[in-house]
Amino acid sequence: MQGLFEKSADTVEGSGQHDRAERRKRPSDVGHDVWDIAPQSLHLGDEDLGIVGKLDAIRYQDDGYWEPVEAKHSSAPNGGTSFRLGEWELDGKAWPNDQIQLCAQGLLLRANGFPTIAGKLFYRGNRQTVRIVFSDDLIAATVATIRRAHELEQASMPSPLLNSDKCFRCSLNGVCLPDETIRLTSPDGETVPIRDIVPSRDDLGTVYVSEPGTRVGKRGYELTITSKDGMESTVPLKDVRHISLFGNVQISTQLVHDCMESGVTISYLTAAGRLVGMNHNLISKNVLVRREQFKRFGDERDRLTLARYIVRAKILNQRTLLRRNAHGLDKVILKDLLDHARRSEEATSIDSLLGIEGIAAKQYMQAFVLMLKVKGVPAGETLMNGRNRRPPKDPVNALLSLGYSLLQRDMYAALAAVGLDPLMGFYHRIETGRPSLVLDMMEPFRAIIADSVVVRTLNTGEIAWDDFYIGQESCSLKLPGRKRFFQAFERRMHETVTHPVFGYKLSYRRMLELEARFLSRYLMGELPEYRPIVTR
Amino acid sequence: MRRYVLVSYDISDQKRWRRVYKIVRGYGMHVQYSVFLCQLTDQDEAELKQLLLDVIHQSMDQVIFARIGTVQAKAAERNMSCIGRDFVPLDLKGLVF
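Note that the structure is a prediction, hence the values are computed from the model and not measured.

Quick notes on the rules
- Residues numbered from 1 in each chain as written.
- Chains lettered and ligands numbered in written order.
- Predicted model: local features only at pLDDT ≥ 70, side-chain atom pairs only at ≥ 80, totals over all residues.
- Heavy atoms only, no water.
- Helix = DSSP H or I, 4+ residues; strand = E, 2+ residues; numbered from the N terminus.
- Buried < 20%, exposed > 50% of the residue type's maximum accessible area, 1.4 Å probe, protein only.
- Contact = heavy atoms within 4.5 Å.
- Areas by Shrake-Rupley, 256 points an atom, 1.4 Å probe, with all protein chains shown as cover.
- Lys, Arg positive; Asp, Glu negative; His and termini not counted.
- Charge placed at Lys NZ, Arg CZ, Asp CG, Glu CD.
- Rg over C-alpha atoms; globule rule 2.2 N^0.38 Å.
- Core = buried A, V, L, I, M, F, W, Y, C linked by side-chain atoms within 4.5 Å.
- Domains from an automatic or database assignment.
- UniProt positions renumbered as here; feature names shortened; annotations may be inferred.
- Buried area = accessible area lost by both parts, 1.4 Å probe.
- Salt bridge = Lys/Arg side-chain N within 4 Å of Asp/Glu carboxyl O.
- Polar contact = N/O pair within 3.5 Å; in protein donor to acceptor, adjacent residues only side chain to side chain.
- Nonpolar A, V, L, I, M, F, W, Y, C, P; charged D, E, K, R; others polar.
- Pairing = 2+ DSSP bridges.
- Axes fitted to C-alpha atoms, helices over the stretch in contact; angles between N-to-C directions.
- pLDDT = per-residue confidence, 0-100.
- Phe/Tyr/Trp six-rings, centres within 6.5 Å; stacked < 30°, edge-to-face > 60°.
- Lys NZ or Arg CZ within 6 Å of the ring centre and 35° of its normal.
- Parallel < 35°, antiparallel > 145°, perpendicular 65-115°, else oblique.
- Left-handed = near helix turned anticlockwise from the far one by under 90°.

Student: Got a minute to help me understand the overall build of chain A in this structure?
Tutor: Along its length, chain A carries 15 helices and 20 strands. For chain A, the spread of C-alpha atoms along the three principal axes comes to 100 × 60 × 40 Å. Out of the 536 residues belonging to chain A, those deemed buried represent 49%. Relative to all contacts within chain A whose residues are 6 or more apart in sequence, the contacts with residues 24 or more apart total 61%. Carbon and sulfur atoms form 51% of the exposed surface of chain A, whose accessible area is close to 26,400 Å². Here chain A contributes 72 positive and 68 negative side-chain charges, whose respective centroids are spaced 6 Å apart.

Dropping the structure here:
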């Protein structure tokens, strides 16, 4: 549907078998005397039927007829009784859908001038070959199926199956999200049980390269990282989801090609950690989502609705972090934040939302320092004085800025992977070169991901006062400290939490992906609303 | 879900051996001669098998896949023990260079 495709163990095995079957054909077999011996594989199409097909193999029979041969992974049915499909009766020796596929191949052969009356199905499961005669019933069923397929092609995305076992082996389950969608769309959604169909984390690694002069390349199926002094480390390419390059680091074109093909994103950041740009493959694949995005974001009401939920979620998540970690916190602040969250739900314009968000952020940032228990701060130095940036003036702000860059990078990758345009947002003002949608979507996660990593690294002493360059007007993190911060950030992204709505566990990185997916489904009109996550 | 798979091979031809070595390196950690410890999802395992099937000789070579347990449960530490030199499985959370 919509040309979406995801690989799974089954599809990989299937296409591998097809490839090998195709390669076994020698050029000479097809080149000369083609029509005396049967070709091994054939592409055929027909205007009248409106289908094209790839035939694995066709065989020439002595009686002057051609027979298509199709191999199947499964086992054949026991063949006792015949199948009823609508008004038609089909042979019981093979599954109806396989027969219809074979018959479609037969019809294609006929249309292209090869006489044919039957075909063969080979079931690898129980190594059985079944000969199927193209009966009138089978041909009628096939023609009806082709017509139905043409109708479906024009239709919108179908709703997911209810409680189907097929979801577990379907390779599109991460896109379709069957149980989640049913819960969010049906009126009595609360009662819909959520099964663990999509794995809680298929998290792969994010490679950070920050040592100046390092070269990143590939060899075979490996990623190689060669440092300036010639030391080499390798990582299997299949385990990599993202590559982040900080400052003067080289990357090879061969690797970039491979990454773009397999959907690995590459981000370029300055040595100080500001996001400069991203590489991702052509996101035009799911261009329908982008079209809807531009339409919906042109509508003032849609934009306001989304913005309200975003600001509300951001304030509530900030409140949760304070409630959990701040010592000696004035309870009034918690109550104030709750009020701001409520008011944001009723805001009548983006401008008033900006006002509410600003006030809440100011209160939150002033209380932020209550969450920190840092030892070894020299007398006369400030650990934190509200939020400041460009450049950050104290250690906490330096860490916050770096954390937000990393989060921005991850959110960007998640949105681009779903096919959304990262630059077209609904809440942040649209400016050239500003990834508004990324900034919008990361708001609820600033507190629960980035801020929480900052609090944790400082409180555990993982990053200490000595790890910073403290200048007159700015403050930045030294390289060893930065590496430890990257590791802490990765640990956080791999951590699993219970999803407040669906009740299953998933990692923070999957959560970003899930949010991006839900936003795109909302924009496509498949979900009634989009509400970002609020942790308890 | 990823699991640890111990992949070991016996290849009778130098040229094929070289190609197999290169492929498996991209899927796991080289632990000993002809022995790799890989962290594979079902899909990775299927891919690796398809790649190897293109290279190996069906009746003369052999590749063994031994599943050890899920990556999350620290199965490598629990189900495998070694004496002498130690080995540390790859940690995808710490790819910082």
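Student: Just checking my understanding: could you explain the overall build of chain B for this structure?
Tutor: Within chain B one finds three helices and four strands. A compact globule built from 97 residues should have a C-alpha radius of gyration of about 13 Å, and chain B, at 14 Å, falls within 12% of that. Across its three principal directions, the C-alpha atoms of chain B cover 35 × 30 × 30 Å. The 97 residues of chain B split such that 43% are buried.

Student: Mind showing me how you'd approach the nonpolar core here?
Tutor: One recurring pattern in soluble globular proteins: nonpolar side chains tend to sit buried together. Residues L322(A) and F368(A) are the most contacted members of the largest nonpolar core, which totals 99 residues. Counting residues per element, this core draws most heavily on helix α12 (residues 395-418) of chain A, at 15 residues. Viewed by domain, this core spans two of them, domain 2 (205-279) and domain 3 (283-523) of chain A, each represented by three or more residues. Leave out the neighbours within four places in its chain, and F368(A) touches M384(A), V396(A), L400(A), D451(A) and V455(A). Counting residues in hydrophobic clusters, the runner-up holds 20 residues, among them L237(A), V240(A), V256(A) and L95(B).

Student: Would you take a moment to explain the domain arrangement of chain A for this structure?
Tutor: Segmenting chain A into domains produces domain 1 (9-153), domain 2 (205-279) and domain 3 (283-523). Averaged C-alpha coordinates put domain 1 of chain A and domain 3 of chain A at centres separated by 55 Å.

Student: It is not clear to me how the UniProt feature "binding site: Mg(2+)" (unreviewed entry) in chain B should be interpreted in this structure. Could you clarify?
Tutor: All names here are of chain B. Using the residue numbers shown here, the UniProt feature "binding site: Mg(2+)" (unreviewed entry) corresponds to D10. Note on placement: D10 falls in strand β1 (residues 3-10). Residue D10 is classed as exposed on the basis of its relative accessible area of 54%. D10 has contacts with D61 and Q62, leaving out every residue within four places of it along the chain.

Student: Help me understand the interface of chain A and chain B, please; the structure alone is not making it clear to me.
Tutor: Frequently, the measure chosen for interface size is the accessible area that the parts lose on association. Across the contact, 37 residues belong to chain A and 27 residues belong to chain B. Taken together, both faces of the contact between chain A and chain B bury some 2,700 Å²; the carbon and sulfur share is 60%. With a closest N to O distance of 3.5 Å, R2(B) and D239(A) form a salt bridge. Inspection of the region where chain A meets chain B yields six residue pairs in polar contact (both at pLDDT 80 or more). Within the residue set of the side of chain A that touches chain B, elements represented by two or more residues are α1 (9-23), β9 (205-209), β11 (222-226), β12 (232-236) and α14 (479-494) of chain A. Sorting elements by how many residues they give to the side of chain A that touches chain B places α1(A) first, with seven residues. Class assignment of the residues belonging to the side of chain A that touches chain B gives a composition of 13 nonpolar, eleven polar and 13 charged.

Student: Any chance you could explain the sheet that holds strand β3 (residues 35-40) of chain B here in plain terms?
Tutor: Paired through their backbone hydrogen bonds, the strands of a sheet run either parallel or antiparallel. Residue and element names in this part refer to chain B. Ordered by their spatial adjacency, four strands build an open sheet running β2-β3-β1-β4, and the pairing between neighbours is antiparallel. Strands with a single pairing partner mark the edges of an open sheet, and in this sheet they are β2 (28-32) and β4 (62-70). Taking the axes of each pair of neighbouring strands and ignoring which way they run, one obtains an average angle of 25° across the sheet. Relative to β4, β1 runs antiparallel, the two sharing eight bridges. If you follow R3 over to β4, its bridge partner there is T70. Packed on one face of the sheet, helix α1 (residues 14-25) meets β1, β2 and β3 and runs near 170° to β1.

Student: Whenever I open this one, the pairing of strand β13 (residues 240-246) of chain A confuses me. Can you help?
Tutor: The side chains of a regular strand alternate, residue by residue, between the two faces of the sheet. All names here are of chain A. Burial within β13 is extensive, with six of its seven residues counted as buried. Sheet topology places β9 next to β13; five bridges connect them, and they run parallel. Within β13, the position partnered with Y208 by the bridge is S244. Sheet analysis places β13 next to strand β15 (residues 265-269), joined by five bridges and oriented parallel. For I243, the partnering residue across the bridge sits in β15 and is I266.

Student: Teacher, can you tell me more about the confidence of the model for chain B here?
Tutor: Interpreting fine coordinate detail is not advised for predicted regions of low pLDDT. Across chain B, the average pLDDT comes to 86, with 99% of residues at or above 70. Among the scores for the predicted complex, ipTM is 0.80 and pTM is 0.74.

Student: What am I meant to see in the pairing of strand β3 (residues 57-60) of chain A here?
Tutor: All names here are of chain A. The pairing of β3 with strand β4 (residues 66-72) spans four bridges and is antiparallel. When the bridges of β4 are listed, I58 appears paired with P68. The hairpin formed by β3 and β4 contains five residues between the paired strands, and G64 there has a positive phi angle of roughly 95°.

Student: Would you mind showing me how to read the packing of aromatic side chains here?
Tutor: Within a pair of aromatic rings, the relevant descriptors are the distance that separates the centres and the angle that separates the planes. Taken as a whole and assessed by the stated rule, the structure comprises nine aromatic pairs over all chains. Geometrically, the ring pair formed by Y208(A) and F246(A) is stacked, given 6.2 Å between the ring centres and 15° between the ring planes. Remark: F246(A) occurs in strand β13 and Y208(A) occurs in strand β9; sequence separation between them is 38 residues. Taken as a pair, Y208(A) and F246(A) share a single burial class, namely buried. Joined through ring pairs, the aromatic side chains of Y9(B), W17(B), Y21(B) and F36(B) make up one cluster. Sitting over the face of the ring of Y522(A), R296(A) holds its NZ or CZ atom 4.7 Å from the ring centroid.

Student: Mind showing me how you'd approach the pattern of salt bridges here?
Tutor: Side-chain pairs of opposite charge can arise where the charged atoms are in close proximity. One pass over the full model with this rule turns up 34 salt bridges over all chains. The salt bridge involving K314(A) is made with E357(A); its shortest N-O contact spans 2.6 Å. Of this pair, K314(A) sits in helix α9 (residues 300-325) while E357(A) sits in helix α11 (residues 350-368), and the two are 43 residues apart along the sequence. Residue K314(A) shares its accessibility class with E357(A), and that shared class is buried. Close ionic contact of R67(B) with E45(B) constitutes a salt bridge, the shortest N to O distance being 3.2 Å. In this pair, R67(B) is assigned in strand β4 and E45(B) in helix α2 (residues 42-53), connecting sequence segments 22 residues apart. Three or more residues joined by partner-sharing salt bridges are found here, namely R3(B), D42(B), E45(B), K49(B) and R67(B).

Student: Could you clarify how one ought to interpret the packing of helix α13 (residues 436-459) of chain A against α14(A) in this entry?
Tutor: Angle between the axes and distance between the axes: these two values describe a pair of packed helices. Residues and elements named next belong to chain A. Contact geometry for α13 and α14: axes closest at 10 Å, N-to-C directions at 130°. When the axis of α13 is compared with that of α14, the two are oblique. Regarding α13 and α14, the two cross each other, and that crossing is right-handed. Between α13 and α14, the residues in contact are I448, I449, S452, V453, V454, R456 and T457 and F485, A488, F489, R492 and M493, respectively. Here the residues of the contact of α13 with α14 are counted per class, giving eight nonpolar, two polar and two charged.

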